[in-house]
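If you want the building blocks of each chain, they are given just below.
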Amino acid sequence: MDLQELYRETILDHSRRPRYAGLRAPFHAEVHQVNPICGDEVTLRLRLGEGEGGERTLQDVSYEAVGCSISQASASVMVDALTGRSARDAADAYQAFHEIVTSAARGETTMDPMERLHEDLAEALGDAPAFAGVARYPARVKCALLGWTALRQALVQTA
Amino acid sequence: MYLDSGATSQRPLHVLDAERRFLTTSNAAVHRGAHALAEEATDAYESARATIARFVGAAPDEIVLTKNATEGINLVAYSLGNASTTPGAAGLALGPGDEVVVTEMEHHANLVPWQELCRRTGATLRWYGVTDGGELDLGSIELTEHTKVLAFVHTSNVLGTVNPVPELVERARSVGALVVLDACQSVPHLPVDLPALGVDVAVFSGHKMLGPTGIGVMWARRELLDALPPFLTGGSMIETVTMEGSTFAAPPQKFEAGVPMVSQAVGLAAACDYLSEIGMAEVAAHEQQLTGRILTGLAELGGVRVAGPVGSTAAELAHRGGTVAFVVDGVHAHDVGQVLDDAGVAVRVGHHCAWPLHRRLGLQATVRASTHVYSTEADVDALLTAVRATQEFFGVVPLRVAATTGSNGTGGTR
């Protein structure tokens, strides 16, 4: 596969200018995730808020990511898309993103995971399909999921 | 292009053939059974042990065959942890107030087992620091009469630094500490006479020296093997067994519980023969030449920083291992590895199981190129070309170079 398929411009752009980067207070949960294979690390803080009908929302997600361009960019895309959204949206987005970065590795042709998301969320997560190339490189899947795993853990901790 | 021999080496047909010949003509469980095949297998196993011993200047009964080098270090650490309750071994026991000393450049395999031994015994772990240039900082600590073990790596698996064994052995001797040497990156690449080094224990692995996986070697002085309690227990390692208790076989069998890895031993002995046939001095000279080519090539590229000794004169290369770890400015090592892989160049990226060393040098991850006897100048040149391609892909070609080659230094190939 062509390297450009893996390193889409979207990914390189996010890795060079990660959105909402840095650690901020106050927060309700702080999670540290590492990839012991390569030493990539992410520290992620979650501040919750309350949305319509008392639904939990991700009021602020701040993070410090040290690692390769894939892990940095995926954290940036995630936070960019999910800040201000509900915890349920975050769970749906995780499912979709997980499928994007692993589906080709499983050799399955599935329905575009983005199509299952409600339109508004799919639009916010518009940069996610750029990570489809990762699925061809199993060694990089963990990189792409590092920040996402941290957020999921933070949501579990605060549930 | 395979430049990841520091992780594992490729095996010559000679080794594969030896394993196959054994498995198709002599395979049986060794040290048990009275049939002819069992005798043949036992002969093959013990003669493999003798060949491996000869390769490092040791006596066969001082060679313990393990699953890998990591198991060898765990064997020593675990055994020392049980010394306090073993008759005749109390002098080796550790407790609160005692010290185990390692270095900051250790592979996790020569660090974590000692951390665990200290945790179990109440002993304290201390370590020699590493200089910015990637050498041991011998002034960073002093050994004391409380130092019971000094464990260090012969050749760093990241930096290529060769540590001053005589100096460290002398320091350990002066305080009566045991010396444990991690020889995983030295025995496969240069002539090594383990007893002559003056250390008490040394470990190395088969798969890094053209041999099979699943076999490692622990060498130790006979008196130490006699005194140390066993590690794994069960069949093969006993003398007599009753329901109440057991006595143990003499070393090395005392440390080889269960049916051992016979075809791997045969394969490793074949690898020793193969390397001896070439001559380890020749192997070392070949690798030094390639290492020099990597170091000068990377320096010429610019925008690349090597972690560890960078000198490329013949004298400097003679005191350096063949692993070259580096970072490409502006590109994470993982991303470098991806582009190199795309160009067909296999290297290792990450912390190479030496996380504290990377932390010390302020590096999160490095790219590591490592050679062996089969590596060629063409492999090295492919690496250098691919590193330049990486710089171009990510738009980080150094300006100095960009100016002389006419590239704009920012565009790259995207």
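1. Section: the environment of Q391 of chain B
Residues and elements named next belong to chain B.
At step 1: With respect to the element layout, Q391 can be found in helix α13 (residues 377-393).
At step 2: For Q391 and E377, which are 14 residues apart along the polypeptide, the C-alpha to C-alpha distance reads 21 Å.
At step 3: Sequence-distant contacts of Q391, that is, excluding residues within four places in its chain, are made with G303, V328, V396 and V397.

2. What to know about the sheet that holds strand β1 (residues 29-35) of chain A
Residue and element names in this part refer to chain A.
At step 1: Across the sheet, three strands lie side by side as β1-β2-β3; this open sheet has antiparallel pairing. A single partner strand is all that each edge strand has here, and the edge strands are β1 and β3 (56-66). Going from strand to strand, the sheet's axes swing by 20 degrees on average, the running direction of each strand aside.
At step 2: Strand direction decides the pairing type here: strand β2 (residues 40-50) and β3, joined by ten bridges, are antiparallel. Bridging across to β3, V42 finds its partner in A65.
At step 3: Relative to β3, helix α3 (residues 69-82) is tilted by about 160 degrees, and along the sheet it contacts β2 and β3.

3. Quick notes on helix α11 (residues 333-342) of chain B
Residue and element names in this part refer to chain B.
At step 1: Burial analysis of α11 places eight of its ten residues in the buried class, which makes it a mostly covered element.
At step 2: Taken as a whole, α11 has its buried residues at A333, H334, D335, V336, G337, Q338, V339 and L340.
At step 3: Where α11 terminates, the next one or two residues include G344, which has phi positive at roughly 85 degrees.

4. Section: the confidence of the model for chain B
Residues and elements named next belong to chain B.
At step 1: With 97% of its residues at a pLDDT of at least 70, chain B reaches an overall mean of 95.
At step 2: Note that residues 406-414 has pLDDT below 50 and, in this model, 16 contacts with residues that lie over four places away or in other chains.
At step 3: This complex was scored by the predictor with a pTM of 0.92 and an ipTM of 0.88.

5. Concerning the sheet that holds strand β13 (residues 348-350) of chain B
All names here are of chain B.
At step 1: Across the sheet, which stays open at both edges, the four strands sit in the order β11-β12-β14-β13 with antiparallel pairing between neighbours. On the outer flanks of this sheet lie β11 (304-307) and β13, each paired with one strand and no other. On average, each strand axis in the sheet is inclined to that of its neighbour by 30 degrees, with strand direction left out of account.
At step 2: Where β13 lies against strand β14 (residues 366-370), three bridges are found, and the strand directions are antiparallel. Looking at β14, one finds that G350 is bridged to T366.

6. With respect to the pairing of strand β1 (residues 63-66) of chain B
Working note: regular strand, side chains alternate between the two faces of the sheet.
Residue and element names in this part refer to chain B.
At step 1: Judged by which residues are buried, β1 turns out to be covered on both faces: I63 and L65 on one side and V64 and T66 on the other are all buried.
At step 2: In this sheet, strand β8 (residues 216-220) lies alongside β1 in antiparallel orientation, the contact comprising four bridges. From the neighbouring strand, T66 faces β8, where its bridge partner is G216.

7. Examining unusual backbone geometry
At step 1: Of note, the amide linkage connecting A25 of chain A to P26 of chain A takes the cis form, showing an omega dihedral of 0 degrees.
At step 2: Position of P26 of chain A relative to the elements: it lies in the loop between α2 (9-16) and β1.
At step 3: Cis geometry marks the peptide bond from P251 of chain B to P252 of chain B; its omega dihedral reads 0 degrees.
At step 4: Summarising the element assignment, P252 of chain B is placed in the loop between β10 (246-248) and α8 (262-278).
At step 5: With a phi close to 55 degrees, Y20 of chain A is a non-glycine residue in the positive phi region.
At step 6: We classify Y20 of chain A as partly exposed; it has 15 C-beta atoms within 10 Å.
At step 7: In this structure, H352 of chain B is a non-glycine residue whose phi angle is positive, near 55 degrees.
At step 8: The topology assignment puts H352 of chain B in the loop between β13 and α12 (355-360).
At step 9: Judged by the 26 C-beta atoms lying within 10 Å of it, H352 of chain B falls in the buried class.

Scoring rules and cut-offs
Residues numbered from 1 in each chain as written. Chains lettered and ligands numbered in written order. Predicted model: local features only at pLDDT ≥ 70, side-chain atom pairs only at ≥ 80, totals over all residues. Helix = DSSP H or I, 4+ residues; strand = E, 2+ residues; numbered from the N terminus. Contact = placed C-beta atoms within 7 Å. Pairing = 2+ DSSP bridges. Axes fitted to C-alpha atoms, helices over the stretch in contact; angles between N-to-C directions. Buried ≥ 20, exposed ≤ 12 C-beta atoms within 10 Å, placed from the backbone. pLDDT = per-residue confidence, 0-100.

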